[in-house]
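A closer look at the structure
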Amino acid sequence: MTTDNKMKTIYFDNNATTKVPEEVSEEMKPFFCELYGNPSSMHTFGGQIAARIRKSRQQVANLLGCDPAEIIFTSSGTESDNAAINGVLATAAHKRKIITSRVEHPAVLSVCKQLKDRGYTVVELEVDKQGQLDLGELEKQIDDDTALVSIMYANNETGVIFPVEQIAELVKSKGSIFHTDAVQAVGKIPLNLSKSNIDLLSLSGHKLHAPKGVGVLYVRKGTRLSPFMLGGHQEAGRRAGTENVPGIVGLGKACELAAKNTKEENERVRKLRDKLENAILKNCPDSMLNGDKDNRLPNTSNISFEYIEGESILLMLDKFGICASSGSACTSGSLEPSHVLRAMGVPFTAAHGSIRFSLSRYNTEKEVDYTIEKMPEIVNKLRKLSPFVTK
Ligand code: PLP
């Protein structure tokens with residue numbers, strides 16, 4: 001797709017998924033047609049593949065600041081979240097309570113809903129207008145019956161970062177287990193798990209420039225977790241199933257690149273994001289930022305436009321070759337505003353008109369400038385058509 005002035009697709013939807021750069025895809029290529037052995041095989045051919053998986057495990061561990069033995073390769077962030085929650089609860093059958101937040105990804109919230117249906121007590125902590133948690137409330141809720149606290153590192157819709165290290169310390173002091181869904185944080189925020197009290201952490205390859213279909217569950221040494229896929233002895237018996245070798249190789253390389261470049265690249269991305277955000281807020285009347293401006297991922301901006309629908313903005317952006325996403329989901333003819341924005345108390349009319357721009361290191365200033373030019377045009381056009389605007 002090209003834009004009206006022949007620009008290529010402008011991709012501002014990096015919290016949905018990211019580009020796999022050539023450095024990563026080149027590293028993966030031999031593992032399709034040449035080095036296709038099974039890493040569990042006894043022969044030398046298979047042994048080469050097992051060795052490459054060991055290298056990837058080390059590359060991931062280097063990025064997270066942990067021991068390679070604490071890394072379990074999975075198929076996705078969703079699998080990691082499901083495995084963490086169900087795997088911990090299966091080892092703590094006498095405890096029947098789980099604490100999470102109202103703004104988690106469905107990969108956590110849906111598991112919690114199923115647990116609730118099975119008789120568990122599920123506490124979904126509220127957030128304030130900035131999308132932040134009340135840690136006093138969390139402290140009050142953790143009791144002897146609490147098997148697990150699962151709180152995300154950074155929110156996928158707003159980019160709001162929770163004080164996860166502080167939460168982990170609190171949970172530990174109360175004798176419970178702490179899992180964090182860090183799918184949006186890894187590669188955007190430096191982590192050092194060797195200095196943290198996080199017990200389990202989920203990440204997803206395709207959010208950090210690795211391919212889709214590969215994820216990681218970090219499990220701190222000594223944390224009890226029931227195996228979540230039964231079968232062969234892969235991943236030290238914790239997750240059976242023949243490994244997605246090219247995916248794991250790609251993830252290893254992506255983690256190596258992230259470990260090297262994150263700091264400077266994120267500063268550049270933050271500047272671009274801020275330029276885009278400030279210009280939109282200035283040039284589009286009745287627009288507002290959603291979420292804690294200061295404690296936020298450097299790449300994410302969630303902006304509400306009163307009296308217009310997010311979907312309409314997206315469609316018009318799409319015509320100009322600009323990819324973003326909206327906080328609403330069109331379900332059976334009615335527009336349901338995002339559960340995250342609703343939890344933050346964003347007014348209904350503004351929640352409907354929310355757009356998420358999420359940048360990456362592959363975005364350029366030219367792309368930002370082009371979007372800045374187009375946004376007021378789009379918003380003005382839609383406002384003229386809006387039945388809610390009487391001016
Ligand atoms: N958790 C968060 C915060 C996410 O943003 C996502 C994906 O958008 C997931 C979990 C699910 O990850 P995956 O797409 O790898 O299943």
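Throughout, residues of each chain are indexed from 1 in the direction in which the sequence is written. Residues qualify for local features only when their pLDDT is at least 70, as the model is predicted, and side-chain atom pairs are given and counted only at 80 or more; totals for whole chains, interfaces and linings, by contrast, use all residues. Remark: hydrogens and water are excluded; side-chain values derive from all non-hydrogen atoms of the structure.

Examining the sheet that holds strand 9 (residues 287-289)
Spatially, four strands are ordered 9-10-15-12 in an open sheet, and the strand pairing comes out antiparallel. Only two strands of the sheet have a single partner each, and these edge strands are strand 9 and strand 12 (325-326). In terms of strand pairing, strand 10 (residues 300-305) meets strand 15 (residues 354-358) through five bridges, oriented antiparallel. Paired with serine 301 across the strands is phenylalanine 357, a residue of strand 15. Throughout, a contact is declared for two residues whenever any of their heavy atoms are within 4.5 Å. A fitted line through C-alpha atoms represents every axis, and for helices the fit uses only the stretch in contact; the resulting angles, taken between N-to-C directions, go from 0 to 180 degrees. Working definition: helices are DSSP H or I runs of at least four residues, strands are E runs of at least two. Numbering for both runs from the N terminus. Against the sheet, helix 8 (residues 245-283) contacts strand 9, strand 10 and strand 15, and its axis sits at roughly 10° relative to strand 10. Contacts between helix 9 (residues 310-319) and the sheet are confined to strand 10, strand 12 and strand 15, with strand 15 contributing the most and set at about 45° to the helix. Pairing between two strands requires that DSSP report at least two bridges joining them.

Here we look at the pairing of strand 2 (residues 71-74)
Neither face of strand 2 is exposed, since Ile71 and Phe73 on one face and Ile72 and Thr74 on the opposite face are all buried. Bridge analysis of strand 2 against strand 8 (residues 215-219) gives four bridges, and the strand direction is antiparallel. Across the sheet, the residue bridging to threonine 74 is glycine 215, located in strand 8. The buried label applies to any residue whose accessible area, calculated with a 1.4 Å probe on protein chains only, is under 20% of its type's maximum; exposed applies above 50%, and partly exposed to all values in between.

Some details on the side chain of asparagine 155
The topology assignment puts asparagine 155 in the loop between strand 5 (146-150) and helix 7 (164-173). Classification of asparagine 155 by relative accessible area gives buried; the value is 2%. N or O atoms closer than or at 3.5 Å make up a polar contact, with two conditions inside protein: a donor-capable atom paired with an acceptor-capable one, and, for residues adjacent in sequence, both atoms drawn from side chains. Looking at asparagine 155, its side chain comes within polar contact range of the main-chain oxygen of valine 103, at 2.9 Å.

Let's talk about the pattern of salt bridges
Where charged atoms from two side chains of opposite charge approach closely, those side chains can pair. We define a salt bridge as a contact between a side-chain nitrogen of Lys or Arg and a carboxyl oxygen of Asp or Glu at a distance within 4 Å. Here the structure, examined in full by the defined rule, presents 21 salt bridges. Measuring nitrogen to oxygen at the nearest pair gives 3.9 Å for the salt bridge that ties glutamate 256 to lysine 260. With glutamate 256 and lysine 260 both in helix 8 and four residues apart, this pair spans about one turn of that helix. On the basis of relative accessibility, which here comes to 53%, the residue lysine 260 falls in the exposed class. As a salt-bridge pair, glutamate 277 and lysine 293 come within 3.8 Å of each other at their nearest N and O atoms. Of this pair, glutamate 277 sits in helix 8 while lysine 293 sits in the loop between strand 9 and strand 10; the two residues are 16 residues apart in sequence, bridging distant segments of the chain. Each of Lys253, Glu256 and Lys260 takes part in one network of salt bridges that share partners.

A word on the packing of helix 9 against helix 12 (residues 365-385)
Axis angle and axis distance: for two packed helices, these are the angle between their axes and the distance between the axes, and together they describe the pair. In the contact formed by helix 9 and helix 12, the axes pass within 10 Å of each other and the chain directions differ by 135°. Taken as axis vectors, helix 9 and helix 12 run oblique relative to one another. The two elements helix 9 and helix 12 cross, and the hand of that crossing is right-handed. Contacts between helix 9 and helix 12 involve Ser312, Ile313, Met316 and Leu317 from the first element and Met375, Ile378, Lys381 and Leu382 from the second. Here the contact of helix 9 with helix 12 is composed, by residue class, of six nonpolar, one polar and one charged. With respect to orientation, any angle under 35 degrees is reported as roughly parallel, any angle over 145 as roughly antiparallel, any angle of 65 to 115 as roughly perpendicular, and every other angle as oblique. Here a crossing is taken to be left-handed if its near helix is turned anticlockwise relative to the far helix by less than a right angle, and right-handed if that turn runs clockwise. When residue character is reported, Ala, Val, Leu, Ile, Met, Phe, Trp, Tyr, Cys and Pro are called nonpolar, Asp, Glu, Lys and Arg charged, and the others, Gly included, polar.

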